[in-house]
Amino acid sequence: MNFQDCVEILRNLSLALSAPTAAFIAWKGLESWKYEKKWQKDVELSEDLLVLMYQRRDAIRDIRQPYVSFRPATHDESGKEIVDQEHAQFKGQVDYFQSRVNKLDQIRSEIYAKRLRATVIWGEKLNELLEQVFALEQKLILNLRRHIRSLNPHLSHAQREAAAKHEETLEVIFGDGDEEDVFYSKYEKHFALVEDYLRQKLKEAA
């Protein structure tokens, strides 16, 4: 075997050894890229949900603002001018609360889309925690409807009285400045569980 044959054998051997090495390096690079992408997705999803949850809590506070300030409406839904002052006051209050409920619904809609992604990535735990928050929000909206119904000048006196008979209504909507706000204490408790869960996801991704 001459010198040239030895060089050729060594070159072929080197190529044979470099192929698995290159494949291993490529595999490690792919795994690192996958991990980085997963980390990025987890961080972005956790942060997005946290921001939306804080906006959600602010929307609840806006609805429950005890010092309500609203303007009497000047026109009804058809554009006709409202002459009756009681009707104008009622319509103004309805519009005030509706705008705040709409804001809450918009935020919850944005959260829902991200909840679907979170379920795929993390499982059902976040959904379970959010259901408790949602249930309290629905309780607030139900009592708000009762309150609005009790003020509706187009309903009979009996209908308005029936709506006003629910003792918890005003406490749920506005709280009680002289006593503990039972509704909001419950809401904060369940909200904190969601917040802790999302912050834990951020720590795991770090």
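Keep in mind it's a predicted model, so treat the numbers as computed, not measured.

Cut-offs used in this document
- Residues numbered from 1 in each chain as written.
- Predicted model: local features only at pLDDT ≥ 70, side-chain atom pairs only at ≥ 80, totals over all residues.
- Heavy atoms only, no water.
- Helix = DSSP H or I, 4+ residues; strand = E, 2+ residues; numbered from the N terminus.
- Buried < 20%, exposed > 50% of the residue type's maximum accessible area, 1.4 Å probe, protein only.
- Contact = heavy atoms within 4.5 Å.
- Axes fitted to C-alpha atoms, helices over the stretch in contact; angles between N-to-C directions.
- Parallel < 35°, antiparallel > 145°, perpendicular 65-115°, else oblique.
- Left-handed = near helix turned anticlockwise from the far one by under 90°.
- Nonpolar A, V, L, I, M, F, W, Y, C, P; charged D, E, K, R; others polar.
- Phe/Tyr/Trp six-rings, centres within 6.5 Å; stacked < 30°, edge-to-face > 60°.
- Polar contact = N/O pair within 3.5 Å; in protein donor to acceptor, adjacent residues only side chain to side chain.
- Core = buried A, V, L, I, M, F, W, Y, C linked by side-chain atoms within 4.5 Å.
- pLDDT = per-residue confidence, 0-100.

Student: What am I meant to see in the overall build of the protein here?
Tutor: Looking only at helices and strands, the protein features 6 helices and 0 strands. In the protein, the order of α-helices and β-strands from amino to carboxyl end is α-α-α-α-α-α. Scored against the burial criterion, the 206 residues of the protein give a buried share of 31%. A fraction of 75% describes how many contacts in the protein between residues 6 or more apart in sequence connect residues 24 or more apart.

Student: Just checking my understanding: could you explain the packing of helix 3 (residues 125-151) against helix 4 (residues 157-164) for this structure?
Tutor: The N-to-C vectors of helix 3 and helix 4 enclose an angle of 150 degrees; their axes lie 7 Å apart at closest approach. When the axis of helix 3 is compared with that of helix 4, the two are roughly antiparallel. The chirality of how helix 3 crosses helix 4 is left-handed. Two secondary-structure elements touch here, helix 3 through Arg146, Arg149, Ser150 and Leu151 and helix 4 through Gln159, Arg160, Ala163 and Ala164. Its residues assigned to classes, the contact of helix 3 with helix 4 comprises 3 nonpolar, 2 polar and 3 charged.

Student: Would you explain the side chain of Arg57 in this entry?
Tutor: With respect to the helices, strands and loops of the structure, Arg57 is situated in helix 1 (residues 3-63). Once you skip the residues sitting within four places of it in the chain, Arg57 turns out to touch Tyr184, Tyr187, Glu188 and Phe191.

Student: Whenever I open this one, the packing of aromatic side chains confuses me. Can you help?
Tutor: The description of two aromatic rings rests on the distance between their centres and on the angle between their planes. Applying the stated criterion across every chain, the model contains 6 aromatic pairs. Each ring, one from Trp122 and one from Tyr197, has its centre 6.2 Å from the other, and the planes form 70 degrees; the classification is edge-to-face. One end of the pair, Trp122, is in helix 2 (residues 85-122); the other, Tyr197, is in helix 6 (residues 182-205), and 75 residues separate them in sequence. Classification of Trp122 as buried rests on a relative accessible area of 15%.

Student: Looking at this model, I keep getting lost on the environment of Gln159. Mind explaining?
Tutor: By the element assignment, Gln159 lies in helix 4. Through-space distance from the C-alpha of Gln159 to that of Arg149 is 8.1 Å; in sequence the pair is 10 residues apart. A polar contact of 3.0 Å, which involves the side chain of Gln159, links it to the backbone nitrogen of Ser156.

Student: Help me understand the nonpolar core in this model?
Tutor: Across soluble globular proteins, nonpolar side chains show a tendency to be buried alongside one another. Counting residues in each nonpolar core, the largest one holds 36 residues, and the members touching the most others are Leu49, Trp122, Leu126, Val194 and Leu198. Secondary-structure elements contributing two or more residues to this core are helix 1, helix 2, helix 3, helix 5 (169-174) and helix 6. Other than its neighbours up to four places away in sequence, Leu126 contacts Leu49, Ala118, Val194, Tyr197 and Leu198.

Student: I tried to follow the confidence of the model for the protein on my own but got confused; where do I start?
Tutor: Looking at the protein, the pLDDT average stands at 82 and 78% of residues meet or exceed 70. Looking at the elements of the protein, mean pLDDT is at its lowest for helix 1, recorded as 68, and at its highest for helix 3, recorded as 94.

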